[in-house]
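Descriptive structure summary
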Amino acid sequence: MKVLHLDTNHELLINQLNASGFTNHEDYTSSKTDVEAKIHEYDGIVIRSRFTIDKQFLDAATNLKFIGRVGAGLENIDCDYAESKGIYLISAPEGNRNAVGEHALGMLLSLFNKLNKADNEVRHGQWLREANRGIELDGKTVGLIGYGNMGKAFAKKLRGFDVEVLCYDIKPNVGDDNCKQVSFETLQKNTDVLSLHTPQTPLTLNMVNADFINGFQKPFWLINTARGKSVVTTDLVSALKSGKILGAGLDVLEYEKASFESLFSSDMPEAFQYIIQAENVLLTPHVAGWTVESKEKLAQTIVDKIKARFC
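Residues numbered from 1 in each chain as written. Predicted model: local features only at pLDDT ≥ 70, side-chain atom pairs only at ≥ 80, totals over all residues. Heavy atoms only, no water.

**Thoughts on the overall build of the chain**
- Looking only at helices and strands, the chain features 12 helices and 12 strands.
- Whereas a compact globule of 311 residues would reach a radius of gyration of roughly 19 Å, the chain reaches 21 Å, a difference of no more than 12%.
- Overall, the C-alpha framework of the chain stretches about 65 × 45 × 35 Å when taken along its three principal axes.
- Buried positions account for 47% of the 311 residues belonging to the chain.
- Considering only intrachain contacts with a sequence separation of at least 6, the fraction spanning at least 24 residues in the chain is 61%.
- For the chain, the accessible area works out to roughly 15,200 Å², and carbon and sulfur atoms hold 48% of it.
- Looking at the chain, you have 34 positive and 40 negative side-chain charges, and the mean spots of the two groups are 3 Å apart. (Helix = DSSP H or I, 4+ residues; strand = E, 2+ residues; numbered from the N terminus. Rg over C-alpha atoms; globule rule 2.2 N^0.38 Å. Buried < 20%, exposed > 50% of the residue type's maximum accessible area, 1.4 Å probe, protein only. Contact = heavy atoms within 4.5 Å. Areas by Shrake-Rupley, 256 points an atom, 1.4 Å probe, with all protein chains shown as cover. Lys, Arg positive; Asp, Glu negative; His and termini not counted. Charge placed at Lys NZ, Arg CZ, Asp CG, Glu CD.)

**Describing a positive patch on the surface**
- A contiguous patch of positive charge, built from R97, K156, R159 and K297, is present on the exposed surface.
- Checked against the element boundaries, K297 lands in helix α12 (residues 292–310). (Patch = residues over 30% accessible without salt bridge, like charges linked within 9 Å, V, L, I, M, F, W, Y side chains within 5 Å. Salt bridge = Lys/Arg side-chain N within 4 Å of Asp/Glu carboxyl O.)

**As for the packing of aromatic side chains**
- This model, assessed by the stated rule, comprises 10 aromatic pairs.
- Between Y168 and F184, the aromatic rings sit 5.4 Å apart at their centres with planes inclined by 55°, giving tilted as the arrangement. With a gap of 16 residues between them, Y168 in strand β7 (residues 164–168) and F184 in helix α8 (residues 184–190) connect regions that are remote in the sequence.
- Pairing F184 with F216 gives two aromatic rings, centres 6.3 Å apart and planes at 90°, and the pair type is edge-to-face. One end of the pair, F184, is in helix α8; the other, F216, is in the loop between α9 (210–214) and β10 (220–224), with 32 residues separating them in the sequence.
- With relative accessibility at 21%, the residue F184 sits in the partly exposed group.
- Residue classification places F216 among the buried positions, given a relative accessible area of 1%.
- The structure contains a cluster of three or more aromatic residues connected by ring pairs, namely Y168, F184, F212, F216 and F220. (Phe/Tyr/Trp six-rings, centres within 6.5 Å; stacked < 30°, edge-to-face > 60°.)

**Topic: the packing of helix α5 (residues 93–112) against α12**
- Across the interface, α5 lies against α12 with an axial gap of 7 Å and an inter-helix angle of 160°. When the axis of α5 is compared with that of α12, the two are roughly antiparallel. As for the relative orientation of α5 and α12, their crossing is right-handed in sense. Side by side, α5 and α12 meet where P93, E94, G95, N96, N98 and A99 of the first sit next to S294, K297, L298, T301 and K305 of the second.
- Looking at the contact of α5 with α12 residue by residue, the class counts come to 3 nonpolar, 5 polar and 3 charged. (Axes fitted to C-alpha atoms, helices over the stretch in contact; angles between N-to-C directions. Parallel < 35°, antiparallel > 145°, perpendicular 65-115°, else oblique. Left-handed = near helix turned anticlockwise from the far one by under 90°. Nonpolar A, V, L, I, M, F, W, Y, C, P; charged D, E, K, R; others polar.)

**Overview of the nonpolar core**
- Membership of the largest hydrophobic core comes to 29 residues, with the highest contact counts inside it found for L194, L196, F212, L222, L236, I245 and I275.
- Among the elements of the structure, β9 (193–196), α9, β10, α10 (233–242), β11 (245–250) and α11 (270–277) are those that each provide at least two residues to this core.
- The biggest single contributor to this core is α10, with 4 residues.
- Residues in contact with F212, not counting those within four places in the same chain, are I145, F184, Q188, L194 and M207.
- Residues A155, C167, C179 and W221 belong to the second largest nonpolar core, which totals 22 residues. (Core = buried A, V, L, I, M, F, W, Y, C linked by side-chain atoms within 4.5 Å.)

**Overview of the side chain of H5**
- Relative to the helices and strands, H5 resides in strand β1 (residues 2–5).
- Among the residues examined, H5 registers a relative accessible area of 2% and is labelled buried.
- Polar side-chain contacts of H5 include one of 2.7 Å to the side chain of N24.
- Sequence-distant contacts of H5, defined by excluding residues within four places in its chain, comprise L13, I14, L17, N24, H25, E26, D27, Y28 and V46. (Polar contact = N/O pair within 3.5 Å; in protein donor to acceptor, adjacent residues only side chain to side chain.)

**Focus on the sheet that holds strand β5 (residues 88–90)**
- Taken together, the 5 strands give an open sheet; going across it, the order is β2-β1-β3-β4-β5, and neighbouring strands pair in parallel fashion. The open sheet has two edge strands, β2 (23–26) and β5, and neither has a second partner. The average undirected angle you get between the axes of adjacent strands in this sheet is 15°.
- Most of the contacts of helix α1 (residues 11–19) go to β2, to which it runs at about 150°, and overall it touches β1, β2 and β3 (44–47).
- α12 contacts β3, β4 (66–69) and β5 of the sheet and is inclined by roughly 155° relative to β5. (Pairing = 2+ DSSP bridges.)

**Concerning the pairing of β2**
- Inspection of the sheet shows β1 paired to β2 by 4 bridges, in the parallel sense. By the bridge assignment for β2, V3 is matched with N24.
- With respect to chirality, the unit in which β1 leads through α1 into the neighbouring parallel β2 is right-handed. (Right-handed = clockwise from strand over helix to strand, strands pointing away.)

As structure tokens, then:
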């Protein structure tokens, strides 16, 4: 089988596929149009998020048998159309779930203890102890929306704290020893910290809006290491200003491009101008699952799934 690699990944991916008898070609620079012109020659694609795999691309890929997406989500692929053509879709949430769980916990602890604010102040000669008095995680209720690979990893990290962990998921019976599955109403009633662990789907697009936020009984902290377009930023800013949301850790933003490689193609939105100035908001550039270890784990997961299906 001939495989076209469209993004760079850990070297083990190509090395192990070579060893298993696959023919591997690399093209990290050609335009989507140029790739479409030759994609009929290939049985498989390995991609991260370089461009969207849409109907036009899939119609050109007449011999395609699988698409390996080196990451957790498949939103840059027209999954229904690909599956209608018998194309096997592979993702690798197992590969970066631990990284995401650690990042979410790190953001939460940093927000609670004002670490980014205090660090910046000390570096500028300010020694403000009372202004940087933190709060403790123990005794809080952490609510998770989505309890798949990422949600479970975060709940596991929380075991060392005296917290109650609740989750809401559209799938039944996903709770475990680390997390109690509850109704959405129960989640809204009890949550002190809300963490999103959902894919980008029609159900989650613009999910966190004003009505959603105002449905929570208590002011809460928001962590989003999932997808930026799940949160309506203007509504988030309004909630931050009113105190309904106490602070936010955002690894992802509504304004990202689909490739995740850059943020803006036009002027900075007004809501984002507020976000980047807010001391109770912590921002990272979509790197929650982006560790040295996860790079290797993601590649290994893709290799293992390809070999399990086609060897």
